[in-house]
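Observations on chain architecture
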Amino acid sequence: MNKKKSNAEWQSLLPPEVYRICFEKGTEPAFSGAYWRQKEKGEYLCAACDTALFSSAQKYDSGSGWPSFWQAMQTELIAEAPDNSLAARRTEILCAACGAHLGHRFDDGPPPTGTRFCVNSLSLKFQPAEPSSKQGKN
Ligand code: FE
């Protein structure tokens, strides 16, 4: 689904710190975000457009200080772009629906994928899983 908007529109909708990360390709300081050590079950939505991108089931502690996942909920949810802004070439990852900058993808992740999606907490919005008692009402 296409949820793209102009930068001016995003700037009017999002808190300044979220806008800076998502649409000015900022990076929050390591170990500063809300989610790097979060272990609760749930889904991580795009902070801009609310698309569910990552699940706690694929989250792991990379030691980097940023929330890290070895897989996205679906491959097509994540767009990629080359990032040559540092000496090391990196692969930028973006929300495919709205274009928000999420972070970077690296090839030093754990099995089974060997992939590390390194994401800013500020690019995400955590949605806790429904307690199982709510699911089957009998
Ligand atoms: Fe998005």
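Residues numbered from 1 in each chain as written. Predicted model: local features only at pLDDT ≥ 70, side-chain atom pairs only at ≥ 80, totals over all residues. Heavy atoms only, no water.

This brings us to the pairing of strand E5 (residues 78–83). Here E5 pairs with strand E6 (residues 90–95) via six bridges, running antiparallel. Across the sheet, the residue bridging to Pro82 is Thr91, located in E6. Remark: six residues form the turn of the hairpin made by E5 and E6, two consecutive strands paired antiparallel. (Pairing = 2+ DSSP bridges. Helix = DSSP H or I, 4+ residues; strand = E, 2+ residues; numbered from the N terminus.)

A few words now on the packing of aromatic side chains. Overall, the coordinates contain nine aromatic pairs when judged by the stated rule. When the centroid spacing of 4.4 Å and the interplanar angle of 20 degrees are considered together, the rings of Phe54 and Phe69 count as stacked. With a gap of 15 residues between them, Phe54 in strand E2 (residues 52–55) and Phe69 in strand E4 (residues 68–69) connect regions that are remote in the sequence. Grouping residues by exposure puts Phe54 and Phe69 together as buried. Aromatic ring contacts, followed pair by pair, group Tyr35, Tyr44, Phe54, Phe69, Phe117 and Phe126 into a single cluster. A cation over an aromatic ring shows up here: Lys5 above the ring of Trp10, its NZ or CZ 5.5 Å from the ring centre. (Phe/Tyr/Trp six-rings, centres within 6.5 Å; stacked < 30°, edge-to-face > 60°. Buried < 20%, exposed > 50% of the residue type's maximum accessible area, 1.4 Å probe, protein only. Lys NZ or Arg CZ within 6 Å of the ring centre and 35° of its normal.)

The next subject is the nonpolar core. Membership of the largest hydrophobic core comes to 28 residues, with the highest contact counts inside it found for Phe23, Phe54, Ile78, Cys95 and Cys98. Elements supplying a minimum of two residues to this core: helix H2 (16–23), strand E1 (42–46), E2, E6, strand E8 (116–119) and strand E9 (124–128). In terms of residues, this core owes the most to one element, H2, which gives four residues. Excluding its chain neighbours within four sequence positions, the residues that come into contact with Phe54 are Glu43, Tyr44, Phe69, Gln71, Ala72, Met73, Ile78, Leu102, Phe117, Val119 and Leu124. (Core = buried A, V, L, I, M, F, W, Y, C linked by side-chain atoms within 4.5 Å. Contact = heavy atoms within 4.5 Å.)

This structure, assessed with the given rule, holds six salt bridges. Two residues, Glu80 and Arg105, come together in a salt bridge whose shortest N-O distance is 2.5 Å. With Glu80 in strand E5 and Arg105 in strand E7 (residues 101–106), the pair connects residues that are 25 residues apart, well separated along the chain. Among the residues examined, Glu80 registers a relative accessible area of 42% and is labelled partly exposed. Across the salt bridge formed by Arg116 and Asp108, the nearest N and O atoms sit 2.7 Å from each other. You can call Arg116 buried: its relative accessible area is 13%. The structure contains a network of salt bridges with shared partners spanning Glu80, Arg105 and Asp107. (Salt bridge = Lys/Arg side-chain N within 4 Å of Asp/Glu carboxyl O.)

Spatial relationships are all this shows, so hold off on functional conclusions.
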